[in-house]
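Chain by chain, the residues run as shown.
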Amino acid sequence: MKHTIAILVEDLPGVMARVAGLFTRRGFNIESIAVGHSEIPGISRMTIIVSGDEKVLEQIIKQLNKLIDVIRVRDIPAENIIERELVLVRVHVDSLPVRSEIIQLVEIFKAKVVFVERNTMTIEMSGDEEKVGGFLNLLKPFGIREIVRTGRIAITRSSKNGLKV
Amino acid sequence: MELGGTEIIVECLKQEKIKVIFGIPGAAIMPLYDTFGKYEPLPFKNILTRHEQGAVHAADGYARATGEVGVCVVTSGPGATNLVTGLANAHMDSVPLVVFTGQVPTALVGNDAFQEVDITGITLPITKHNYMVRKVGDLASIIKEAFYIARTGRPGPVLIDIPKDIQLAKGNFNYPEKINRKGYNPSYRGHIKQIKSAAMKIMEAKKPVIISGGGVINANAAPELMKIASKTNIPVVNTFMGLGSVPTNHFLFLGMLGMYGRYTANQLVSNADLIIALGTRFDDRITGNLNQFCPQADIIHIDIDPAEIGKNISIKIPIVGDLKNILQQLNNFLGGKEHNLWLQEIQEIRAKDPISREDNDPLLHSRFIMKALNELFKGEAIIVTDVGQHQMWAAHYARVNYPRHFISSGGLGTMGFGLPAAIGTKIGCPHKTVICISGDGGFQMNIQELATAIYNRLSIIVILMNNGYLGMVRQLQELFYDKRYVSTLLAGNPDFVKIVEAYGGVGFRVDKQEDFLPILEKADRKNQFVLIDCHIPAEENIFPLVKPDSSINQMIGVD
């Protein structure tokens with residue numbers, strides 16, 4: 001099963017390596033990892049998406065809690081979560097009809113064209129896993145040149161369940 | 001007060017009341033060593049070892065024997081990488097160390113400079129925490145934090161990497177009173193409801209057994225454990241790391257558990273209806289086949305590290321916190337118990353225990369040597385071992401009266417640990433008799449530390465169980481690899497007596513049983529470094545044992 005792990009860490013050198021190391025050592029493949037500053041200076045939030053054995057994951061979470069630089073860790077249940085990912089995608093455009101078809105898709109998905117060349121368009125879009133996946137699937141037949149994804153970030157729905165220091 | 005970086009380090013060590021450091025200088029740590037030279041007097045002993053691995057094991061032995069933090073100071077690059085085994089060793093056995101490594105100047109870091117290595121990266125998974133100091137202003141607070149982290153919670157090694165320019169820079173010295181790390185708050189108090197339900201379970205149990213692990217020793221909780229065991233008449237078995245937490249001649253003590261454990265201990269745990277596991281991590285060497293480990297028992301597990309709860313086996317009543325606190329509280333909820341039937345059943349099991357049998361073997365074998373040591377020292381000496389067959393013989397036969405009196409590399413099983421750890425032990429406990437039990441294989445892995453021991457006039461007695469083999473591996477080849485003795489014969493062994501003499505120590509060779517005790521007595525009277533080269537039978541085996549992946553109650557070599 002897929003898990004979304006939210007982590008609060010002190011913003012110190014090496015913290016990414018410490019966190020990631022615990023997953024790799026136990027044979028867990030990190031599907032995505034995203035880090036950025038939080039609302040508190042000196043503290044960052046990480047969102048890690050992994051799937052794998054539940055018991056091993058429980059052990060990883062306990063080990064994460066043991067890291068000195070880690071302040072809080074939580075495996076957030078899917079029903080309590082708002083997830084987003086930002087994608088930049090460069091798609092091949094060889095004709096005017098294709099161009100307008102893509103622009104239509106961009107509008108439907110509330111995405112945005114951020115750069116246009118003679119043969120390509122670069123599109124920015126964000127959404128949850130389903131939306132991003134759906135959009136990329138629709139672009140595929142046109143020929144995708146490049147995809148860059150931030151990795152998913154997540155926040156709890158209710159402020160009551162939020163991960164706080 | 002403005003001080004140089006290296007002076008800040010010395011002042012911090014002074015604040016931490018450090019009595020001794022172990023290490024070897026090199027280019028990137030020379031400013032610090034130079035400052036040691038300028039201090040009059042230097043507030044701690046500075047012991048030069050002959051290899052960095054020797055330094056870290058010595059600091060480790062010192063920490064295990066005294067309960068204080070062991071400190072070691074080495075240079076960058078190879079100096080730092082030579083610590084790796086020792087750090088992993090201390091990490092596995094939860095030993096508090098603070099280790100300083102020199103580093104190339106900040107401007108060169110990341111440039112593959114001479115003797116540069118990413119030691120914080122390398123030691124990430126084998127330290128409790130590590131640091132690279134980037135500003136001289138951070139030095140004091142990092143050192144304060146490092147000592148705090150090393151000795152609190154579940155203890156462990158902490159490494160501080162200090163670039164040369166930081167050592168040479170000047171900064172304000174202000175030793176912080178407190179540390180404040182949001183992510184580090186070990187819990188010491190056990191959950192009272194859990195403690196109460198544990199007490200109830202213990203009072204109801206018909207066949208309870210206590211497994212006492214290394215955590216009991218780390219928490220200085222041996223007296224509390226004894227109180228509970230005596231009050232409730234619950235038998236106690238040890239893990240290897242827990243040796244010494246109960247006096248080995250106590251009538252409730254029934255030996256070591258596990259793969260090389262005692263028959264009685266393994267049977268006891270297999271037949272128990274309640275296991276009270278204290279400060280143990282249910283390592284595979286303890287449990288054998290996990291599915292068949294104490295099938296009838298509920299388990300109460302008390303440990304300071306929440307990550308150990310349920311890691312290997314499922315636990316009925318987990319309690320996280322400091323063992324000393326928790327056992328005190330638990331004791332309040334316990335009443336007296338007799339357990340006559342259970343203790344009687346144990347006597348029957350004990351009668352089948354090969355270790356309790358009479359031993360008429362006339363050769364100079366390890367069992368005889370261990371018994372002679374017991375006869376002379378009566379469990380009052382500190383026993384330090386290396387790793388191998390002799391280590392298991394020592395674990396079975398050594399009489400140990402107190403915690404911190406059996407020092408050995410448990411989790412990592414590091415050959416070469418014995419001699420340097422004995423050095424640290426003797427320096428930490430100068431008034432104690434220190435016996436280093438080693439093998440001819442392991443002894444040669446850090447044999448250079450003879451210089452450190454003998455130059456510093458450390459009166460350690462080394463009992464070298466010399467069988468001319470890497471004995472433990474040879475035994476496994478005999479039992480499980482059709483006796484193909486590949487690379488286990490130590491052809492080319494030196495004359496150990498001559499080697500010790502060359503370093504300025506005293507050496508004896510013993511081949512016969514009747515010669516051993518007189519020579520041991522002589523060695524004890526000498527008050528200097530003595531090695532007794534004991535030529536034991538080449539193919540002596542350590543029995544009984546549990547085959548890998550078998551249940552621990554199925555032992556080879558019982559009848």
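All of these numbers come straight from a predicted model, not from anything done at the bench.

**Some thoughts on the domain arrangement of chain B**
Residues and elements named next belong to chain B. Each assigned domain of chain B is listed with its residue range as follows: domain 1 (2-172), domain 2 (192-355) and domain 3 (364-536). The C-alpha-based centres of domain 1 and domain 3 are spaced at 29 Å. Residue-level contacts link 25 residues of domain 1 with 26 residues of domain 3. Counting residues per element, the ones that place at least two in the side of domain 1 that touches domain 3 are strand S2 (20-23), strand S3 (45-48), helix H3 (52-66) and helix H5 (84-92). A total of 11 residues in the side of domain 1 that touches domain 3 trace back to one element, the largest contributor, which is H3. Among the residues forming the side of domain 1 that touches domain 3, the class breakdown is 10 nonpolar, 11 polar and four charged.

**Description of helix H4 (residues 129-139) of chain A**
All names here are of chain A. Taken together, the buried positions of H4 are occupied by Val132, Phe135 and Leu139. Looking straight down H4, one finds that the buried residues subtend no more than 65° of arc, so they occupy a single side. Facing away from the buried side of H4 by over 90 degrees, the exposed positions are Glu130 and Asn137. On its buried face, H4 is in contact with strand S5 (81-92), strand S7 (120-127) and strand S8 (144-149).

**Quick word on the sheet that holds strand S15 (residues 382-385) of chain B**
Sheet strands associate in pairs through backbone hydrogen bonding, adopting either a parallel or an antiparallel arrangement. Residue and element names in this part refer to chain B. In spatial order, the strands read S16-S15-S17-S18-S20-S19; together these six strands make up an open sheet with parallel pairing. Each edge of the sheet is formed by a strand with only one pairing partner; in this case those strands are strand S16 (406-407) and strand S19 (506-510). Bridge count between S15 and S16: two bridges; the pairing is parallel. Pairing of Ile383 across the sheet is with Phe406, part of S16.

**Observations regarding the domain arrangement of chain A**
Interface size is commonly expressed as the accessible area that is lost once the parts come together. All names here are of chain A. Taken domain by domain, chain A consists of domain 1 (2-76) and domain 2 (82-153). Across the contact, six residues belong to domain 1 and five residues belong to domain 2. Top contributing element to the side of domain 1 that touches domain 2 by residue count: strand S2 (residues 30-37), with three residues. Looking at side-chain class alone, the side of domain 1 that touches domain 2 contains three nonpolar, three polar and no charged residues.

**Some remarks on the environment of A:Lys160**
Residue position: A:Lys160 is located in the segment after strand S9 (153-156). A:Lys160 sits 104 residues away from A:Val56 along the chain, and the two C-alpha atoms are 28 Å apart.

**A closer look at the interface of chain A and chain B**
The interface of chain A with chain B comprises 16 residues on the first partner and 13 residues on the second. Looking at the side of chain A that touches chain B, the elements with two or more residues in it are helix H1 (15-25), helix H2 (54-66) and strand S4 (70-76) of chain A. Grouping the amino acids of the side of chain A that touches chain B by side-chain chemistry returns six nonpolar, four polar and six charged.

**A look at the pairing of strand S4 (residues 70-74) of chain B**
Residues and elements named next belong to chain B. The buried count for S4 comes to five of five residues, which makes it a mostly enclosed element. Where burial is concerned, the two faces of S4 agree: the one with Gly70, Cys72 and Val74 and the one with Val71 and Val73 are both buried. Bridge count for S4 against strand S5 (residues 97-103) is five bridges, and the pairing is parallel. Looking at S5, one finds that Val73 is bridged to Phe100.

**Things to note about the packing of helix H1 (residues 5-15) of chain B against helix H7 (residues 139-151) of chain B**
Residue and element names in this part refer to chain B. H7 packs onto H1 with a crossing angle of 30° between their chain directions and a minimal axis gap of 10 Å. It follows that H1 is roughly parallel to H7 by the angle criterion. Taken as a pair, H1 and H7 cross one another with a handedness that is right-handed. The segment H1 lies against H7, with Gly5, Ile8, Ile9 and Cys12 engaging Leu139, Ala140, Ile143 and Lys144.

**Here we look at the nonpolar core**
In terms of nonpolar packing, the biggest core is built from 192 residues, with A:Ile7, B:Cys72, B:Val269, B:Ile275 and B:Ile532 touching the most fellow members. Ignoring any residue separated from it by four or fewer positions in sequence, one finds B:Ile275 in contact with B:Val209, B:Ile211, B:Val269, B:Cys294, B:Ala297 and B:Ile299.

Rules and cut-offs
Residues numbered from 1 in each chain as written. Chains lettered and ligands numbered in written order. Predicted model: local features only at pLDDT ≥ 70, side-chain atom pairs only at ≥ 80, totals over all residues. Domains from an automatic or database assignment. Contact = placed C-beta atoms within 7 Å. Helix = DSSP H or I, 4+ residues; strand = E, 2+ residues; numbered from the N terminus. Nonpolar A, V, L, I, M, F, W, Y, C, P; charged D, E, K, R; others polar. Buried ≥ 20, exposed ≤ 12 C-beta atoms within 10 Å, placed from the backbone. Arc of directions from axis to C-beta. Pairing = 2+ DSSP bridges. Axes fitted to C-alpha atoms, helices over the stretch in contact; angles between N-to-C directions. Parallel < 35°, antiparallel > 145°, perpendicular 65-115°, else oblique. Left-handed = near helix turned anticlockwise from the far one by under 90°. Core = buried A, V, L, I, M, F, W, Y, C linked by C-beta atoms within 7 Å.

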